[in-house]
Amino acid sequence: MSLRADVRCVAADFVVEASIEAERGRPVALVGPNGAGKTTLVRVLAGLAPIERGTVALDGTVLDDDTTHVAPRDRSAGVVFQDRVLFDTMSAVENVAFGLRARGMRAGEARERARDLLRSMDLEHRANARPVELSGGEAQRVAIARAIAHEPALLLLDEPLSSLDVRARTEIRALLGKLLASFQGVAIVVTHDPVDALTLADDMVVLEHGRVTQTSPIDDIRSAPRSAYAAELVGINLFTGRLEPIGDGAARLQTDAGAIVVSCPAALDSALEDVTALLRPVDVVLFREQPSQASARNAIRGTIRSIADDGQRARIRIDASPPLIADVTSGSVSRLGLKEGGPVWASFKAVEVRLVLPS
Amino acid sequence: MRDLPGAVKVLAALAVVAVALPLVALAARAPWSDIGRLGASGPRTALFVSIEVSLAAAALSLVFGVPTALVLARSRFPGRSIVRSLALLPLVLPPVVAGVGLLAAFGRRGVLGRGLAAIGIRLPFTTAGAILASAFVATPLLILTVEAGVRALDRRKEDAAETLGASRWYVLRRVTLPALAPQIVAGLVVAWARALGEFGATITFAGNIRGRTQTLPLAVFEAMQTDPGAAILMSLMLVALSLVALVALRGRFLAR
């Protein structure tokens, strides 16, 4: 039982041509840069936007094809819209009860069910508040409750965390994680944040410029990202460029943004274009001073662009030639005195770099 | 903000004075000692007819104006701009022409009037006719106000409702109309105020029959010939009623 969509549709000023499959109980993260067509795709799946051609089928029932269009109200879908779109003329509990009432449930029963749902989200005390009176996190919980109250077979979440401040985001991410882990239907989470994708979903579809560039379980994307965007997303260093042997079992990979030294593949006897190289962030070692004659072939000086520290592990983004991502323990951030905007030396061994030669 | 040229401010001040002066003059010239005469049967009857006619006309413009506004703002069909111009035509039409037109349509020999007379419905020179004439000129104001509101609505609210399983009617009732409530109220007040002041279309189509179609403006006009003091007092009564409209609209017109 699953969702299968293979569609072509026209958004405001570009074409989205994408194929998505999602299984029940296995949330899919739909990721991609701004303007890639993610929201358009969500609207198509919800039945709010027309397709030009293709099919959308849920659990074997065709929702869209050349001759069929099932109206949004007749799809068993729940949508959490970007910036929520709550009904501001209704209280929180009326918002949540809306889907039940619209489907003909008696007012009293619908309110009771909505109240139960709000209680399960620790929000019962705000049941009678209007959306304008709610904090961002509270409003988001109401939006989520509204979308799931009628137990939809298809749950679509469009950037459910992007409009929230840091604290609310952590709280809602945890809530969604719990919710999606037990959700029996098909769930699709649109996000541009890798952390959300990794924590909320099992599979990932990468959408760029209206095209799907990668569809895989998240673990697979992590080990073999197929575009710089996907690599950045899962937090892996990806380099592409011209590879030439420099002797001594080594080769140099010249990218547009600097060169690195890698081990030379046995088969390489002349320069090769379009070579991709991958480097895990944990294999990048950081120093405050230039490392003295270490065994690592690569030592690159740079400036720290950002530090994302979750208390145990810190992800450091470094502006350098080429730019690098490094994962270090939180302890080493303070031990090395790393600061955003500060200087740093990054080092990694040639053998840690994995090459993907063009076929 | 950059300061405005002096001439602009002077002209604006003159405009405000020009509006205020007649009102002040009304109050100054009013025979206040005779105020008790407003309680006499003539003015009182005209007041009741005015209230009945203007409220009924406002209700009528609500019933027909809101659907028209929704269709004009939302539907795409050939000739839409022509339909829109037609719906708003009474705004620019001289009211007396509206009255003559209504007679041509609903008069005893009118296009529809004959059929209506056959089933016992007579509109010209009746209270119902006065209501129709007032609604005719007032409805476009409500349409304009509500249409602007519909265009400003976040359609994703209705999208959300639809994904939640709501029928079109349910979306309209629970989401669209409640979101339009401020514009609908404002449109109602403007339409009511316009109906209250209606003169030309009413006197042409419904006549000036005391107790049936003689509204306050018609009574004022009649009294001007014989009893200017009573006319001024009744005018002040209309000013008081108009102030009610202004207070009701204060969110829109005042404090901006």
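Residues numbered from 1 in each chain as written. Chains lettered and ligands numbered in written order. Predicted model: local features only at pLDDT ≥ 70, side-chain atom pairs only at ≥ 80, totals over all residues.

Draft legend 1. Examining the overall build of chain B more closely. From N to C terminus, chain B includes 12 helices and zero strands. Expressed as lengths along the three principal axes of its C-alpha atoms, the size of chain B is roughly 65 × 65 × 30 Å. Going through the 256 residues of chain B one by one, you find that 38% of them count as buried. Look at the contacts in chain B between residues 6 or more apart in sequence, and 76% of them connect residues 24 or more apart. (Helix = DSSP H or I, 4+ residues; strand = E, 2+ residues; numbered from the N terminus. Buried ≥ 20, exposed ≤ 12 C-beta atoms within 10 Å, placed from the backbone. Contact = placed C-beta atoms within 7 Å.)

Draft legend 2. Up close: the interface of chain B and chain A. Of the residues lining the interface, 16 residues belong to chain B; the matching set on chain A comes to 15 residues. Residue composition of the side of chain B that touches chain A, grouped by class: eight nonpolar, three polar and five charged. (Nonpolar A, V, L, I, M, F, W, Y, C, P; charged D, E, K, R; others polar.)

Draft legend 3. Structural context of the sheet that holds strand 18 (residues 324–329) of chain A. All names here are of chain A. Taken in spatial order, the five strands make up an open sheet running 15-19-16-17-18, and their pairing is antiparallel. Edge strands, defined here as strands with exactly one partner in the open sheet, are strand 15 (285–287) and strand 18. Direction aside, neighbouring strands of the sheet carry axes that sit 45° apart on average. Bridging between strand 16 (residues 298–309) and strand 17 (residues 313–319) involves six bridges; their strand directions are antiparallel. Paired with T303 across the strands is D319, a residue of strand 17. (Pairing = 2+ DSSP bridges. Axes fitted to C-alpha atoms, helices over the stretch in contact; angles between N-to-C directions.)

Draft legend 4. The pairing of strand 4 (residues 53–58) of chain A, seen in detail. Residue and element names in this part refer to chain A. Where strand 1 (residues 2–10) and strand 4 come together, six bridges link them in antiparallel fashion. Considered in strand 4, the bridge of V7 is made with G54. The hairpin turn running from strand 4 into strand 5 (residues 61–64), its antiparallel successor, is two residues long, and D59 in that turn takes a positive phi close to 50°.

Draft legend 5. Quick peek at helix 2 (residues 41–74) of chain B. Between its first and last C-alpha atoms helix 2 of chain B spans 49 Å; for 34 residues at 1.5 Å apiece the expected length is 50 Å, and the two agree. Along its length, helix 2 of chain B shows its largest kink, about 30°, at B:G65, and proline B:P67 lies within four residues downstream of that point. (Expected span 1.5 Å × (residues − 1). Bend = angle between axes of the 7 residues up to and from the residue.)

Draft legend 6. Spotlight on the domain arrangement of chain A. The domains assigned to chain A are domain 1 (2–226) and domain 2 (236–356). Distance from the C-alpha centre of domain 1 of chain A to the C-alpha centre of domain 2 of chain A: 37 Å. (Domains from an automatic or database assignment.)

Draft legend 7. Quick peek at the pairing of strand 2 (residues 15–23) of chain A. Residues and elements named next belong to chain A. Only one face of strand 2 is covered, namely the face carrying V16, A18, I20 and A22; the face carrying V15, E17, S19, E21 and E23 is uncovered. Both strand 1 and strand 2 contribute to a ladder of nine bridges, which runs antiparallel. Along strand 2, the bridge assignment pairs R4 with E21. From the end of strand 1 to the start of strand 2, which pair antiparallel, there are four residues.

Draft legend 8. Broad picture of the sheet that holds strand 13 (residues 258–263) of chain A. Residues and elements named next belong to chain A. The sheet built from five strands is open, its strands ordered 13-12-11-14-20 with antiparallel pairing. This sheet does not close on itself; its edge strands, each paired only once, are strand 13 and strand 20 (354–356). Within the sheet, the average angular offset between the axes of one strand and its neighbour, ignoring direction, is 45°. Strand direction decides the pairing type here: strand 12 (residues 250–255) and strand 13, joined by six bridges, are antiparallel. Across the sheet, the residue bridging to R252 is V261, located in strand 13.

Draft legend 9. Structural detail: unusual backbone geometry. Residue and element names in this part refer to chain A. For the peptide bond that leads from S321 to P322, omega is -5°, which places it in the cis range. Here P322 shows up in the loop between strand 17 and strand 18. Here D59, not a glycine, exhibits a phi torsion of approximately 50°, which is positive. Mapped onto the fold, D59 is located in the loop between strand 4 and strand 5. Residue class for D59 comes out partly exposed when judged on the 15 C-beta atoms lying within 10 Å of it. Unlike most non-glycine residues, H209 shows phi in positive territory, near 50°. Its place among the elements puts H209 in the loop between strand 9 (203–208) and strand 10 (211–217).

Draft legend 10. Geometry of the packing of helix 2 of chain B against helix 6 (residues 127–152) of chain B. Residues and elements named next belong to chain B. Packing of helix 2 against helix 6 brings their axes to within 6 Å, and their N-to-C directions diverge by 40°. Our classification of the angle between helix 2 and helix 6 gives oblique. In terms of crossing hand, the pair formed by helix 2 and helix 6 is right-handed. For the contact of helix 2 with helix 6, the per-class residue count stands at 20 nonpolar, seven polar and four charged. (Parallel < 35°, antiparallel > 145°, perpendicular 65-115°, else oblique. Left-handed = near helix turned anticlockwise from the far one by under 90°.)

Draft legend 11. The environment of B:G79, seen in detail. All names here are of chain B. Relative to the assigned elements, G79 resides in the loop between helix 2 and helix 3 (80–88). By C-beta crowding, G79 is classed as exposed, having 8 other C-beta atoms within 10 Å. For the pair G79 and P90, spaced 11 residues apart in the sequence, the C-alpha separation amounts to 19 Å.

Draft legend 12. Structural view of the environment of B:V146. Residues and elements named next belong to chain B. By the element assignment, V146 lies in helix 6. Distance from V146 to A73, taken between C-alpha atoms, is 9.2 Å for residues 73 residues apart in sequence. Not counting chain neighbours up to four residues away, the residues in contact with V146 comprise G65, V66, A69, L180, Q183, I184 and G187.

Draft legend 13. Seen up close, helix 4 (residues 136–148) of chain A. Residues and elements named next belong to chain A. Its 13 residues place the ends of helix 4 19 Å apart at the C-alpha level, agreeing with the 18 Å of an ideal helix rising 1.5 Å per residue. Here helix 4 lies mainly inside the structure; 10 of its 13 residues are buried. Where helix 4 is concerned, the buried positions are E138, A139, Q140, R141, V142, A143, I144, A145, R146 and A147. On the buried face of helix 4, the contacting elements are strand 6 (77–80), helix 2 (92–102), helix 3 (107–120), strand 7 (154–158) and helix 5 (166–182).

Draft legend 14. The arrangement of the environment of A:D196 in detail. Summarising the element assignment, A:D196 is placed in helix 6 (residues 194–200). Once the C-alpha coordinates of A:D196 and A:R173 are considered, the two residues, 23 residues apart in sequence, prove to be 7.1 Å apart.

Draft legend 15. Main features of the confidence of the model for chain A. When pLDDT is averaged across chain A, the result is 89; 97% of the residues are at 70 or more. Mean pLDDT per element in chain A: helix 7 (residues 218–223) of chain A is the minimum at 71, and helix 2 of chain A is the maximum at 97. (pLDDT = per-residue confidence, 0-100.)

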